[in-house]
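# Geometric and topological summary
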Amino acid sequence: SALCPIGAEGNGPWSGYKVGEKVGDHDAALAYILEYEPDVLPSFAMLPRAHRRSLKFTQCKMEYNMGWLVQAEAPPGALFSRFKRVMLSGEANPADVAF
C-alpha cells in the first residue's frame, strides 16, 4: 500500500481515479507510473521512446490478464475483447503485436 501511487493534481482524474486518490490496483498502478512517473523505474526511463511506448501499450492499454489465460479462468471474450478493440481502432503498432 505504501508503494501505490497517488493521483497528482496535474494529472487530473485518471482511469477512474480521482486526484489525491491512491491507485490501488496493481495493473493500474503500473500504468500510472509508466505514464506519469517513469523516472522511478530507471531501467524503463532509460529505454528509447519507441520501446517505452511499446511497453506502455502491452502493459497498460491491453487490460490483459495472463493469469486468466494460464489458469483458464475466463472465456475468450473477457481475455481478448480489449485487444480486439485496440486492434480495430488503429491504436496498435504492428511491431507491438507481431507474434
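Each value, and the rule that gives it
Residues numbered from 1 in each chain as written. Predicted model: local features only at pLDDT ≥ 70, side-chain atom pairs only at ≥ 80, totals over all residues. Heavy atoms only, no water. Phe/Tyr/Trp six-rings, centres within 6.5 Å; stacked < 30°, edge-to-face > 60°. Helix = DSSP H or I, 4+ residues; strand = E, 2+ residues; numbered from the N terminus. Buried < 20%, exposed > 50% of the residue type's maximum accessible area, 1.4 Å probe, protein only. pLDDT = per-residue confidence, 0-100. Polar contact = N/O pair within 3.5 Å; in protein donor to acceptor, adjacent residues only side chain to side chain.

### Some remarks on the packing of aromatic side chains
Scanning the model with the defined rule gives one aromatic pair in all. A centroid spacing of 4.9 Å and a plane angle of 50 degrees characterise the contact between Tyr-32 and Tyr-36, whose relative ring orientation is tilted. Within this pair, Tyr-32 and its partner Tyr-36 are both found in helix 1 (residues 26-36), separated by four residues, close to a single helical turn. Take Tyr-32: its relative accessible area is 2%, and that puts it in the buried class.

### A few points about the confidence of the model for the protein chain
For the protein chain, per-residue confidence averages 82 on the pLDDT scale, and 95% of positions sit at 70 or higher. Mean pLDDT across the elements of the protein chain ranges from a minimum in helix 4 (residues 66-70), with 77, to a maximum in helix 2 (residues 42-45), with 94.

### Considering unusual backbone geometry
Look at Ala-72: it is not a glycine, yet its phi comes out positive at around 50 degrees. For Ala-72, the location among the structural elements is in the loop between helix 4 and helix 5 (76-89). Its relative accessible area of 67% is what places Ala-72 among the exposed residues.

### Digging into helix 1
Among the residues of helix 1, those classed as buried are Ala-28, Ala-29, Ala-31, Tyr-32, Ile-33 and Leu-34. Near the N-terminus of helix 1, the side chain that reaches the backbone nitrogen of Asp-27, with its oxygen 3.1 Å away, is that of Asp-25.

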